[in-house]
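Structural features, examined
One-letter residues, chain by chain:
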Amino acid sequence: GGIITQTPKFLIGQEGQKLTLKCQQNFNHDTMYWYRQDSGKGLRLIYYSITENDLQKGDLSEGYDASREKKSSFSLTVTSAQKNEMAVFLCASSDRGEQYFGPGTRLTVL
Amino acid sequence: GDSVTQTEGLVTLTEGLPVMLNCTYQTAYSTFLFWYVQHLNEAPKLLLKSSTDNKRTEHQGFHATLHKSSSSFHLQKSSAQLSDSALYYCALSFYAQGLTFGLGTRVSVFP
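What counts as what
Residues numbered from 1 in each chain as written. Chains lettered and ligands numbered in written order. Predicted model: local features only at pLDDT ≥ 70, side-chain atom pairs only at ≥ 80, totals over all residues. Heavy atoms only, no water. Contact = heavy atoms within 4.5 Å. Buried area = accessible area lost by both parts, 1.4 Å probe. Salt bridge = Lys/Arg side-chain N within 4 Å of Asp/Glu carboxyl O. Polar contact = N/O pair within 3.5 Å; in protein donor to acceptor, adjacent residues only side chain to side chain. Helix = DSSP H or I, 4+ residues; strand = E, 2+ residues; numbered from the N terminus. Nonpolar A, V, L, I, M, F, W, Y, C, P; charged D, E, K, R; others polar. Pairing = 2+ DSSP bridges. Axes fitted to C-alpha atoms, helices over the stretch in contact; angles between N-to-C directions.

Details of the interface of chain A and chain B
- Contacts between chain A and chain B engage 18 residues on the former and 16 residues on the latter.
- Taken over both partners, the interface formed by chain A and chain B buries close to 1400 Å², and the fraction arising from carbon and sulfur atoms is 55%.
- Interface area lost by chain A to chain B is led by L43, E98 and F101 of chain A, which between them contribute 31%.
- Taken together, chain A and chain B are joined by one salt bridge.
- As a salt-bridge pair, K49 of chain B and E98 of chain A come within 3.8 Å of each other at their nearest N and O atoms.
- At the boundary of chain A with chain B, the tally comes to four residue pairs in polar contact (both at pLDDT 80 or more).
- Among the secondary structure elements, those contributing two or more residues to the side of chain A that touches chain B are strand 4 (31-38), strand 5 (42-49) and strand 10 (98-101) of chain A.
- When its residues are assigned to classes, the side of chain A that touches chain B shows eight nonpolar, seven polar and three charged.

As structure tokens, this is what we get:
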């Protein structure tokens, strides 16, 4: 088995601030994902990466950057936090179509 | 683009009664369909997956059958338990691309 770790668990920022969320996986999976979860809106794909140094935009990529410098880690940056950005950000990795999710980072913007 | 429509909002039921959550989808490609379950303050976990037409898939008492002719993948359980109270998502994927999720259905099971 393996595990996905997300840090921090809770992130509080100021409007306009640049904020970075980190994700680590030890499954040795090639593909990793970032999703945003809003109440009543399901999960929406922000970015994914098929391999190290690869980045693919999802439907919700505007306002975010991502980085995949090594196979085991995938970072997401909120380029300028907005008050309506309060949500849970979920990282996932996949093997043969099945995605495994981390516990999430809950973002609050003051 | 791809889309998933599932039973919306909150489903409340009494322990021991059957559960059925609807899921229909639209996609131009052959895909995998999934049901994920998310308990309170936990990560979503895979419950069922299928890419085979008309084949019943079962896990932990839940079952679903992918029907490509009607683009459906409904989730069923014959007898709900209190521990089934959770948020359920239907989703589809095309190879390594990210999942497209429905809006989620919250299930609350009461004694």
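Let's talk about the sheet that holds strand 8 (residues 62-65) of chain B
All names here are of chain B.
- Spatially, four strands are ordered 3-9-8-7 in an open sheet, and the strand pairing comes out antiparallel. The two strands at the open ends of the sheet, each matched to only one other strand, are strand 3 (19-21) and strand 7 (56-59). Ignoring which end each strand starts from, the neighbouring axes of this sheet average 20° apart.
- Of the strand pairs in this sheet, strand 8 and strand 9 (residues 75-77) are connected by three bridges, and their pairing is antiparallel. Opposite A64, over in strand 9, you have L75 as the bridge partner.

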